[in-house]
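Overview (structure and organization)
Letter by letter, the chains look like this.
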Amino acid sequence: MEWGRAMRELSTAIDHLATEDPSEIPRLQLVEQLIELHWQMARLQAQIARRTSVRGPGL
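Overview of the structure. Only a predicted model underlies this, so the values are computations on that prediction, with no experimental measurement involved. Along each chain, the written sequence defines residue order, and numbers are assigned to residues from 1. With the structure being a predicted model, the display of local features is reserved for residues of pLDDT at least 70 and the display and counting of side-chain atom pairs for 80 or more, all residues being used for whole-chain, interface and lining totals. Side-chain calculation: all heavy atoms of the structure are included, whereas hydrogens and water are not.

A closer look at helix α2 (residues 27-52)
Secondary structure elements are taken from DSSP: a helix is a run of H or I of four residues or more, a strand is a run of E of two residues or more, and numbering for both begins at the N terminus. Helix span is expected to be 1.5 Å times the residue number reduced by one. Here α2 spans 37 Å end to end across 26 residues, near enough to the 38 Å set by a 1.5 Å rise per residue. The complete set of buried residues in α2 reads Q33, L37, Q40, L44, Q47 and A49. Positive phi shows up at S53, right after α2, with a value of about 60 degrees. The buried label applies to any residue whose accessible area, calculated with a 1.4 Å probe on protein chains only, is under 20% of its type's maximum; exposed applies above 50%, and partly exposed to all values in between.

Dropping the structure here:
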């Protein structure tokens, strides 16, 4: 995934969650959105690590 696209997708996901009232979102949909946000953040962290040659402990 391209760096710029990843940033836009993450930003869009955060903005989308920020504008919604969680009490109005069906619980399953909220869980799905949070999981997707988590995975987008994990992918972005992995891209940052690859681009900066940062590796976690033991890798």
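Here's the deal with the nonpolar core
One finds A6, L10, A13, L17, L37 and L44 forming the largest nonpolar core, which totals six residues. Within the residue set of this core, elements represented by two or more residues are α1 (3-19) and α2. In terms of residue count, the dominant contributor to this core is α1 (four residues). By the convention used here, residues are in contact when the closest approach between their heavy atoms is within 4.5 Å. Not counting residues within four places of it along the chain, the set of residues in contact with A13 comprises L37 and Q40. The term nonpolar core refers to a set of buried residues drawn from Ala, Val, Leu, Ile, Met, Phe, Trp, Tyr and Cys, joined through side-chain atoms within 4.5 Å.

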